[in-house]
Amino acid sequence: MIKIAICDEDSCNRKTLADLSLKSLFDTIEVAFRFYENGMQIIDEVLAGSFDADLLITDVVLPGIDGIKTVGFLRKFGLKTDVIFISEAIEYSMEGYRLHAFAFIRKPISVVEFESAMRRYANEKIQQSRDYLQVAIRGSFHKLNLKKVMYFESAGRKIRAVGKEENTEFYQKMDHLEEQLEKNGFLRIHQSYIVNMLYVSFANASVIMLAGGTQLPVSKRYVNRTREAFRLT
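Residues numbered from 1 in each chain as written. Predicted model: local features only at pLDDT ≥ 70, side-chain atom pairs only at ≥ 80, totals over all residues. Heavy atoms only, no water.

Trainee: How should I be thinking about the layout of surface pockets in this particular structure?
Mentor: Taking a probe equal in size to a water molecule and rolling it over the atoms shows the remaining empty space. Approximately 240 Å³ is the volume found for the second largest pocket. Lining the second largest pocket are 15 residues, with Lys143, Leu144, Asn145, Glu166 and Thr168 positioned closest to its centre. At the level of secondary structure, the elements contributing two or more residues to the lining of the second largest pocket comprise strand 6 (132-137), strand 7 (140-145), strand 9 (158-163) and strand 10 (167-171). At 4 residues, strand 7 tops the list of elements feeding residues into the lining of the second largest pocket. Among the residues forming the lining of the second largest pocket, the class breakdown is 5 nonpolar, 5 polar and 5 charged. (1 Å grid on protein atoms, 1.4 Å probe; cavity = no way out; pocket = protein on both sides within 12 Å on 5 of 7 lines; lining within 4 Å. Points joined across faces, edges and corners; volume = space filled by probe spheres on them. Helix = DSSP H or I, 4+ residues; strand = E, 2+ residues; numbered from the N terminus. Nonpolar A, V, L, I, M, F, W, Y, C, P; charged D, E, K, R; others polar.)

Here it is in C-alpha coordinates:
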(Lines give C-alpha, C1' and ligand atoms only; values in the text may rest on other atoms or scores of the structure.)
Protein backbone atom coordinates (compact mmCIF):
# COMPACT_ATOMS: atom_id res chain seq x y z
CA MET A 1 0.00 0.00 0.00
CA ILE A 2 1.06 3.58 -0.74
CA LYS A 3 -0.13 6.28 1.67
CA ILE A 4 -0.64 9.51 -0.26
CA ALA A 5 -1.11 12.94 1.33
CA ILE A 6 -2.67 15.62 -0.89
CA CYS A 7 -2.33 19.26 0.11
CA ASP A 8 -4.25 21.98 -1.74
CA GLU A 9 -6.52 24.73 -0.42
CA ASP A 10 -9.14 23.96 -3.08
CA SER A 11 -11.28 20.90 -2.35
CA CYS A 12 -11.98 20.37 -6.08
CA ASN A 13 -8.25 20.26 -6.78
CA ARG A 14 -7.74 17.74 -3.98
CA LYS A 15 -10.43 15.50 -5.44
CA THR A 16 -9.01 15.83 -8.95
CA LEU A 17 -5.51 14.85 -7.76
CA ALA A 18 -6.91 11.86 -5.87
CA ASP A 19 -8.95 10.73 -8.89
CA LEU A 20 -5.94 11.03 -11.19
CA SER A 21 -3.81 9.10 -8.70
CA LEU A 22 -6.34 6.28 -8.50
CA LYS A 23 -6.63 6.15 -12.28
CA SER A 24 -2.83 6.04 -12.63
CA LEU A 25 -2.34 3.31 -10.04
CA PHE A 26 -5.41 1.19 -10.81
CA ASP A 27 -4.55 -2.53 -10.57
CA THR A 28 -0.96 -1.61 -9.63
CA ILE A 29 -0.91 -1.00 -5.90
CA GLU A 30 -3.38 -0.24 -3.11
CA VAL A 31 -3.68 3.44 -2.16
CA ALA A 32 -4.87 5.31 0.95
CA PHE A 33 -5.37 9.10 1.02
CA ARG A 34 -5.12 11.89 3.61
CA PHE A 35 -6.17 15.42 2.66
CA TYR A 36 -4.85 18.79 3.86
CA GLU A 37 -5.83 22.37 3.12
CA ASN A 38 -2.53 23.97 4.15
CA GLY A 39 1.01 23.22 5.19
CA MET A 40 0.44 23.96 8.87
CA GLN A 41 -1.92 20.98 9.15
CA ILE A 42 0.90 18.75 7.93
CA ILE A 43 3.45 20.33 10.28
CA ASP A 44 1.11 19.85 13.25
CA GLU A 45 0.85 16.13 12.42
CA VAL A 46 4.62 15.86 12.04
CA LEU A 47 5.10 17.43 15.48
CA ALA A 48 2.50 15.04 16.90
CA GLY A 49 4.25 12.05 15.28
CA SER A 50 1.20 11.07 13.24
CA PHE A 51 2.26 12.07 9.71
CA ASP A 52 3.19 8.83 7.95
CA ALA A 53 2.56 9.46 4.23
CA ASP A 54 4.80 7.73 1.70
CA LEU A 55 4.08 10.42 -0.90
CA LEU A 56 3.03 14.06 -0.51
CA ILE A 57 1.40 15.74 -3.52
CA THR A 58 1.30 19.45 -2.73
CA ASP A 59 0.65 22.74 -4.41
CA VAL A 60 3.51 25.18 -3.94
CA VAL A 61 1.19 28.13 -3.28
CA LEU A 62 -0.70 27.50 -0.04
CA PRO A 63 -2.27 29.81 2.55
CA GLY A 64 0.18 30.62 5.33
CA ILE A 65 3.18 28.30 4.98
CA ASP A 66 3.79 27.44 1.33
CA GLY A 67 4.56 23.99 -0.06
CA ILE A 68 8.31 24.60 -0.32
CA LYS A 69 8.61 25.62 3.34
CA THR A 70 6.35 22.76 4.42
CA VAL A 71 8.57 20.19 2.70
CA GLY A 72 11.65 21.99 4.03
CA PHE A 73 10.27 21.39 7.53
CA LEU A 74 9.78 17.70 6.77
CA ARG A 75 13.40 17.44 5.66
CA LYS A 76 14.71 19.29 8.72
CA PHE A 77 12.63 16.95 10.87
CA GLY A 78 14.33 13.98 9.18
CA LEU A 79 11.32 12.72 7.19
CA LYS A 80 12.14 11.26 3.78
CA THR A 81 8.58 11.45 2.47
CA ASP A 82 8.56 11.50 -1.34
CA VAL A 83 7.13 14.68 -2.81
CA ILE A 84 5.46 15.75 -6.03
CA PHE A 85 5.11 19.54 -6.31
CA ILE A 86 2.30 21.14 -8.33
CA SER A 87 2.72 24.77 -9.40
CA GLU A 88 2.03 27.34 -12.09
CA ALA A 89 5.49 28.86 -11.60
CA ILE A 90 8.45 27.01 -13.08
CA GLU A 91 10.88 29.10 -11.01
CA TYR A 92 10.03 26.95 -7.99
CA SER A 93 11.26 23.79 -9.70
CA MET A 94 14.94 24.13 -8.73
CA GLU A 95 13.99 24.73 -5.10
CA GLY A 96 11.73 21.72 -5.26
CA TYR A 97 14.43 19.42 -6.56
CA ARG A 98 16.86 20.77 -3.95
CA LEU A 99 14.42 19.28 -1.45
CA HIS A 100 14.69 15.94 -3.34
CA ALA A 101 11.25 16.15 -4.94
CA PHE A 102 10.29 13.12 -6.98
CA ALA A 103 8.63 15.30 -9.63
CA PHE A 104 7.58 18.89 -10.34
CA ILE A 105 4.42 19.23 -12.43
CA ARG A 106 3.25 22.53 -13.85
CA LYS A 107 -0.31 23.81 -13.83
CA PRO A 108 -2.56 23.41 -15.68
CA ILE A 109 -1.83 19.76 -15.00
CA SER A 110 -1.17 17.54 -17.97
CA VAL A 111 -3.02 14.28 -17.30
CA VAL A 112 -0.45 12.35 -19.33
CA GLU A 113 2.48 13.88 -17.40
CA PHE A 114 0.84 13.32 -14.02
CA GLU A 115 -0.11 9.71 -14.73
CA SER A 116 3.37 9.00 -16.06
CA ALA A 117 4.96 10.36 -12.87
CA MET A 118 2.61 8.36 -10.67
CA ARG A 119 3.20 5.10 -12.53
CA ARG A 120 6.95 5.67 -12.38
CA TYR A 121 6.68 6.31 -8.65
CA ALA A 122 4.58 3.18 -8.05
CA ASN A 123 7.02 1.02 -10.03
CA GLU A 124 9.96 2.30 -7.99
CA LYS A 125 8.11 1.71 -4.72
CA ILE A 126 7.18 -1.83 -5.75
CA GLN A 127 10.79 -2.56 -6.73
CA GLN A 128 12.06 -1.15 -3.44
CA SER A 129 9.66 -3.34 -1.48
CA ARG A 130 10.99 -6.40 -3.30
CA ASP A 131 14.50 -5.59 -2.15
CA TYR A 132 13.51 -5.94 1.50
CA LEU A 133 12.04 -8.66 3.69
CA GLN A 134 10.06 -7.68 6.76
CA VAL A 135 10.91 -9.91 9.73
CA ALA A 136 9.92 -9.89 13.39
CA ILE A 137 12.79 -9.68 15.88
CA ARG A 138 12.00 -9.59 19.59
CA GLY A 139 8.50 -8.30 18.98
CA SER A 140 9.47 -5.52 16.55
CA PHE A 141 9.38 -5.49 12.76
CA HIS A 142 12.62 -4.92 10.85
CA LYS A 143 13.35 -4.59 7.13
CA LEU A 144 16.09 -6.94 5.97
CA ASN A 145 18.00 -5.77 2.89
CA LEU A 146 17.93 -8.85 0.65
CA LYS A 147 20.77 -7.56 -1.54
CA LYS A 148 23.11 -7.92 1.44
CA VAL A 149 22.01 -11.48 2.36
CA MET A 150 24.25 -14.24 0.98
CA TYR A 151 22.09 -17.13 2.18
CA PHE A 152 19.46 -18.18 4.70
CA GLU A 153 20.09 -21.12 7.01
CA SER A 154 17.59 -22.88 9.24
CA ALA A 155 18.86 -23.16 12.80
CA GLY A 156 16.37 -25.11 14.88
CA ARG A 157 13.18 -23.05 15.07
CA LYS A 158 15.02 -19.97 13.88
CA ILE A 159 16.33 -18.84 10.51
CA ARG A 160 19.70 -17.13 10.23
CA ALA A 161 20.23 -14.62 7.43
CA VAL A 162 23.97 -14.70 6.73
CA GLY A 163 25.06 -11.41 5.22
CA LYS A 164 28.15 -9.70 3.90
CA GLU A 165 28.31 -7.46 6.96
CA GLU A 166 26.19 -9.08 9.66
CA ASN A 167 23.92 -12.00 10.50
CA THR A 168 20.29 -11.70 11.55
CA GLU A 169 18.18 -14.32 13.31
CA PHE A 170 14.39 -14.46 13.30
CA TYR A 171 11.54 -16.97 13.60
CA GLN A 172 10.10 -18.20 10.31
CA LYS A 173 9.24 -21.43 8.52
CA MET A 174 11.70 -22.27 5.75
CA ASP A 175 8.94 -23.27 3.31
CA HIS A 176 7.17 -19.96 3.84
CA LEU A 177 10.43 -18.06 3.40
CA GLU A 178 11.10 -19.90 0.16
CA GLU A 179 7.72 -18.76 -1.20
CA GLN A 180 8.45 -15.14 -0.23
CA LEU A 181 11.85 -15.16 -1.95
CA GLU A 182 11.08 -17.04 -5.16
CA LYS A 183 10.94 -13.83 -7.25
CA ASN A 184 13.99 -12.22 -5.62
CA GLY A 185 16.79 -14.33 -7.11
CA PHE A 186 17.04 -16.80 -4.22
CA LEU A 187 17.22 -20.59 -4.68
CA ARG A 188 16.41 -23.40 -2.25
CA ILE A 189 19.27 -25.93 -2.52
CA HIS A 190 18.75 -27.91 0.67
CA GLN A 191 16.22 -28.42 3.43
CA SER A 192 18.34 -26.02 5.48
CA TYR A 193 19.65 -23.54 2.88
CA ILE A 194 18.32 -20.88 0.54
CA VAL A 195 21.04 -19.03 -1.38
CA ASN A 196 21.21 -15.66 -3.07
CA MET A 197 22.28 -16.53 -6.61
CA LEU A 198 24.08 -13.20 -6.95
CA TYR A 199 26.76 -14.53 -4.58
CA VAL A 200 27.26 -17.95 -6.18
CA SER A 201 30.75 -18.27 -7.67
CA PHE A 202 30.62 -22.01 -8.45
CA ALA A 203 27.89 -24.63 -8.64
CA ASN A 204 27.54 -28.33 -9.45
CA ALA A 205 25.02 -31.00 -8.60
CA SER A 206 26.37 -31.53 -5.08
CA VAL A 207 27.79 -28.25 -3.81
CA ILE A 208 27.38 -24.47 -4.09
CA MET A 209 30.33 -22.16 -3.45
CA LEU A 210 29.62 -18.56 -2.51
CA ALA A 211 31.81 -15.49 -2.82
CA GLY A 212 34.31 -15.64 0.03
CA GLY A 213 34.64 -19.42 -0.16
CA THR A 214 31.62 -20.62 1.83
CA GLN A 215 30.45 -24.03 0.57
CA LEU A 216 26.91 -25.30 1.00
CA PRO A 217 25.58 -28.77 0.11
CA VAL A 218 22.94 -29.43 -2.53
CA SER A 219 20.57 -32.17 -1.40
CA LYS A 220 19.06 -34.75 -3.78
CA ARG A 221 15.62 -33.22 -3.40
CA TYR A 222 16.85 -29.92 -4.91
CA VAL A 223 19.34 -31.19 -7.51
CA ASN A 224 17.05 -30.74 -10.51
CA ARG A 225 16.09 -27.17 -9.70
CA THR A 226 19.76 -26.34 -9.01
CA ARG A 227 20.75 -27.80 -12.39
CA GLU A 228 18.03 -25.82 -14.09
CA ALA A 229 18.90 -22.55 -12.31
CA PHE A 230 22.59 -22.77 -13.23
CA ARG A 231 22.15 -24.67 -16.50
CA LEU A 232 24.23 -27.58 -15.22
CA THR A 233 24.60 -30.75 -17.29
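Trainee: Explanation requested: helix 2 (residues 39-48) in the structure shown.
Mentor: Owing to its 3.6 residues per turn, the α-helix brings residues three or four apart onto one side. All buried positions along helix 2 are accounted for by Gly39, Ile42, Ile43, Glu45 and Val46. Each buried residue of helix 2 lies within a common arc of 160° when the element is viewed along its axis, so the set occupies one face. Residues of helix 2 that are exposed and angled more than 90 degrees away from the buried face: Leu47 and Ala48. Measuring from the side-chain oxygen of the N-cap residue of helix 2 to the backbone nitrogen of Met40 gives 3.1 Å; that N-cap residue is Asn38. (Buried < 20%, exposed > 50% of the residue type's maximum accessible area, 1.4 Å probe, protein only. Arc of directions from axis to C-beta. Polar contact = N/O pair within 3.5 Å; in protein donor to acceptor, adjacent residues only side chain to side chain.)

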